[in-house]
Amino acid sequence: MINAWNVLKTRLRQGHRTTAWPEEAPTFPDRFRGRPAIDGTKCPEGCDDCEKSCPTQAIRFDPGIRLDLGRCLFCAECVNACPEGAIRYTADHRMAARNREDLVLAGNGAEMRLAAALDAKMKSLFGRSLKLRQVAAGDCSGCALELQALNNVVFDLGRFGIQFVASPRHADGILLTGPVTKNMKLALQKTYDAIPQPRLVIAVGACAISGGPFRGSPAVLVGADNPPAAADPLPVDLYIPGCPPHPLTILDGLLRLLGRLESGGGHKL
Amino acid sequence: MLTAQNGESFKIGDVPRLPPSKFRQEILDGVGRGLRISALFGIQQENRTIGLFCVLAHDAENKLSVLSTAVTGRFESLTPDCPQAHLFEREIAEQFEVVPAGHPWLKPVRYPGGTPFFSARGEELHEVAVGPVHAGIIEPGHFRFQCQGENVLHLEIQLGYQHRGAETLLETAPAHRAMVVAESIAGDTVIGHATAYCNVTEALSACAVSPRAHALRAVALELERLANHVGDLGALCADVGFLPSAAYFGRLRGEFLNMLMDLSGNRYGRSLIRPGGVLFDLHPRMADDFLSTLNRAGREIHSAADLMFETPSVLARLEGAGTVSEWACRDLGLVGPAARACGWTIDVRSDHPHGAYRFAHIPVSTVSGGDVYARAMVRRLEIERSIHFLESQVRDLPEGSQDLRNTCGARPPRRMAVSLVEGWRGEITHVASTGEAGEIQRYKIKDPSFHNWTALSLALRETPISDFPLCNKSFNLSYAGHDL
């Protein structure tokens, strides 16, 4: 009896905590490193300081500056290296894309193409109820932690009808994290094969997309989109960049895939 | 033995090179006197000789001892007389072509498959195999249980699925890449491993770090501890089906991640710590916000923890579950909260203080019993003490916002440095040595999980298999940190 009273008292004290997003815009601290913005017109002739500073070769000149979000770790090196302030981080958390090449940002002011919704048939299958199976294949656990965080009361993934499930047999798709270690290749393939068709593949984080900091290590197969010739690449339906992506970046990507976000970010039921 | 302090560098030539039998005996004698093996690893040398190096932690005297030997082919295993060495020797056998003769269970550490599991036979016995892909959002690993009915007789844990080659990358990659690899050794311990990496790098190149940068590193390390300890208490509540506190702790964990994001722009503190100091300062206005958040979150944690620790149905599940005895704890050389829950007073922050911990001490939290309850209670106590430490650090940060990051010079040749950091799971050890041109010749990482996984096996003995998730969560070890 006393305990029941304590439960109620603590419940009242803890309050309601679920974020007002997507009805309201999210707030991030000043230093938050969301989607980068590049202004190629500021690049001095012949300067490649940012390219040299990048630990994962996410930046290249061809001939204008290009930044690959699939490789970007969202560290501060390029911003600090640039003498002209041509690269800066915005507070925009939205950056998931359907195509690998959409992750490459240009310095010519072109808007990034955010993830488009699934086609009508897939949307009618998964739009209101999506069950996903996560597979960590060499992730440091950073991405997995942010996926777990989606289950807490702040982000509350369940309110959108999306759920992480224990068995691939119950899943509509796979959430892949990590650069796919050689030691996880077989288990990943078996898990994927166990998911009934049609199925989705969602690559979460720089490692799953491009190998991240482990790209080039002989122990890994370099992410979902670029395995060596011997491995069958998984057909990726959604790329969610970050190291790790903020929970709202992941949620934004999932809801866009399901066609449940207007382009501005408002929630459409 | 060469005596060194945490975060010091020394000439490799000054490390005594003993004959293998003397090396073995010195370690046995040291461990007999209460020293712990903090690291034991090989370095490839000319011909087919392997240099074996051992770092012994002398916790009571705040110092480290380093000794070495050279072996080829076979050497006498320490493990039969010193169980602490068991996984280190398996790792050495896997990384180099040497055999620790007499090792009772010589199997690969990071290359699963191909070797049989320990098995028990009998009419009433059965085997349960779990993993590498598990039911939740967790990392991969394989668990093999030998059971009699519900009761677990033995659990063998085979890891390695997360092996990404982190040590090799730290030896070969350019500095800016190595730094992000160090931050990704274990994604829940970004600050712990980044600090250990920078301490080693700074020790090798004799780079001084300003007191303010040291204090900010300590602030980040305690925020990381708080986020993880609070999250673990919530996960324990979820595993015993007590959802109110599970929900509150789950949300409160985010408060500390968000403080790390306020400071560094990333919820796990990535890009904060760099060789020579830190990249971000804590401005006075942010410090005020930190203090009020700490105060509020501290009170909310207190109320959620009171509810947890005063609910009889929770205590009934935690008490007496997954017990590790005190002798097993010392035999295996456990570290961190798992060791302190067995009543062992070890904590790098007070035994081998580095950076800001040399000036501000955190009392060591110990509980006796060695069960899930004790591991939960150690976390609760450490949460309170970390909050007090943070409040005092944030209130009185050392002056010096202008030299937060100093440049590190070139590394001299043929030197070695050892760094110990008390991550939230326990003692992180990084050792680096340089070659003829000052290049990194060997980089050795030891995550606390490397010591503690075996404790989970022992905790499961004579325990119902249905308690496995609870026991596992009470340790919450890193797969990636173990697999490297």
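Keep in mind it's a predicted model, so treat the numbers as computed, not measured. (Residues numbered from 1 in each chain as written. Chains lettered and ligands numbered in written order. Predicted model: local features only at pLDDT ≥ 70, side-chain atom pairs only at ≥ 80, totals over all residues. Heavy atoms only, no water.)

## Some remarks on the interface of chain A and chain B
Filter applied, for reference: Contact between two residues is taken to exist if any of their heavy atoms lie within 4.5 Å; hydrogens are not considered. Using a 1.4 Å probe, buried area is obtained as the accessible area two parts lose upon being combined, added over both of them. Here a salt bridge means any side-chain nitrogen of Lys or Arg lying within 4 Å of a carboxyl oxygen belonging to Asp or Glu. In the analysis that follows, any N or O atom pair within 3.5 Å is treated as a polar contact, provided that within protein one partner can donate a hydrogen and the other can accept it, and provided that, for residues neighboring in sequence, both atoms belong to side chains. A run of DSSP states H or I qualifies as a helix once it reaches four residues; a run of E qualifies as a strand once it reaches two. Both are numbered from the N-terminal end. Three residue categories are used. Nonpolar comprises Ala, Val, Leu, Ile, Met, Phe, Trp, Tyr, Cys and Pro, charged comprises Asp, Glu, Lys and Arg, and polar comprises the others, including Gly.
If you look at the interface, chain A gives 63 residues, while chain B gives 60 residues. The contact between chain A and chain B buries some 4800 Å² in all, and 56% of this surface belongs to carbon and sulfur atoms. Among the residues of chain A in contact with chain B, Gln14(A), Arg31(A) and Asn183(A) are the three that bury the most area, contributing 15% of the side total. Where chain A meets chain B, there are three salt bridges. A salt bridge links Arg267(B) to Glu146(A), with the nearest nitrogen and oxygen atoms 2.8 Å apart. For the pair chain A and chain B, the number of links is 29 residue pairs in polar contact (both at pLDDT 80 or more). Contributing elements (two or more residues each) for the side of chain A that touches chain B: helix H1 (2-14), helix H2 (49-53), helix H3 (77-81), strand E6 (130-136), helix H5 (142-149) and helix H6 (185-194) of chain A. Residues of the side of chain A that touches chain B, tallied by class, amount to 32 nonpolar, 19 polar and 12 charged.

## A closer look at helix H1 (residues 20-32) of chain B
Residues and elements named next belong to chain B. What counts is decided by this rule: Multiplying one less than the number of residues by 1.5 Å gives the expected span of a helix. Three labels apply to residues, based on accessible area from a 1.4 Å probe with only protein chains included: buried if under 20% of the type maximum, exposed if over 50%, partly exposed otherwise in between. Think of it as the arc spanned by the lines of direction from the helix axis to the C-beta atoms.
In this model H1 runs 18 Å from its N-terminal to its C-terminal C-alpha over 13 residues, within 8% of the 18 Å that 1.5 Å per residue would give. When we look at burial in H1, the residues that qualify are Phe 23, Arg 24, Ile 27, Leu 28 and Gly 30. The buried residues of H1 occupy one face: seen down the axis, they fall within an arc of 165°. Opposite the buried face of H1, at more than 90 degrees from it, the exposed residues are Ser 21 and Gly 32. The secondary structure elements touched by the buried residues of H1 are strand E3 (17-18), strand E4 (36-44), strand E5 (50-58), strand E6 (63-71) and strand E7 (73-76). Gly 34, located one to two residues past H1, shows a positive phi value of around 105°.

## A word on the nonpolar core
Test applied: Here, nonpolar core refers to any group of buried Ala, Val, Leu, Ile, Met, Phe, Trp, Tyr and Cys residues whose side-chain atoms link them within 4.5 Å.
Grouped together as the largest cluster of nonpolar side chains are 124 residues, with contacts concentrated most on Phe256(B) and Met308(B). With 14 residues, the top contributor of residues to this core is helix H6 (residues 211-239) of chain B. With residues up to four places along the chain from it excluded, the contact list for Met308(B) reads Leu233(B), Leu236(B), Cys237(B), Phe242(B), Ser245(B), Phe249(B), Val314(B), Leu318(B) and Ala376(B). Of all hydrophobic cores here, the second largest spans 40 residues; its members include Leu114(A), Val135(A), Ala171(A) and Ala208(A).

## With respect to the pairing of strand E16 (residues 440-446) of chain B
Residues and elements named next belong to chain B. We count it as follows: When DSSP finds two or more bridges between two strands, those strands count as paired.
In terms of burial, E16 is largely enclosed, as six of its seven residues are buried. Note that strand E15 (residues 426-434) and E16 share six bridges and pair antiparallel. In the sheet register, Thr 434 faces E16, and the bridge partner there is Ile 440. Remark: five residues form the turn of the hairpin made by E15 and E16, two consecutive strands paired antiparallel; Gly 438 in that turn has positive phi of roughly 80°.

## Section: the packing of aromatic side chains
All names here are of chain B. Note the following rule: Classification of ring pairs rests on two measures: the distance between centres of Phe, Tyr or Trp rings, Trp counted by its six-membered ring, which must be within 6.5 Å, and the angle between planes, read as stacked under 30 degrees, edge-to-face over 60 and tilted in between.
The final tally for this structure, using the stated rule, is 13 aromatic pairs over all chains. Measuring from ring centre to ring centre gives 6.2 Å for Phe 143 and Trp 453, while their planes differ by 45°; the resulting arrangement is tilted. Note that Phe 143 is positioned in strand E10 (residues 142-148) and Trp 453 in helix H14 (residues 449-460), a separation of 310 residues in sequence. No difference in accessibility class separates Phe 143 from Trp 453, as the two residues are buried.

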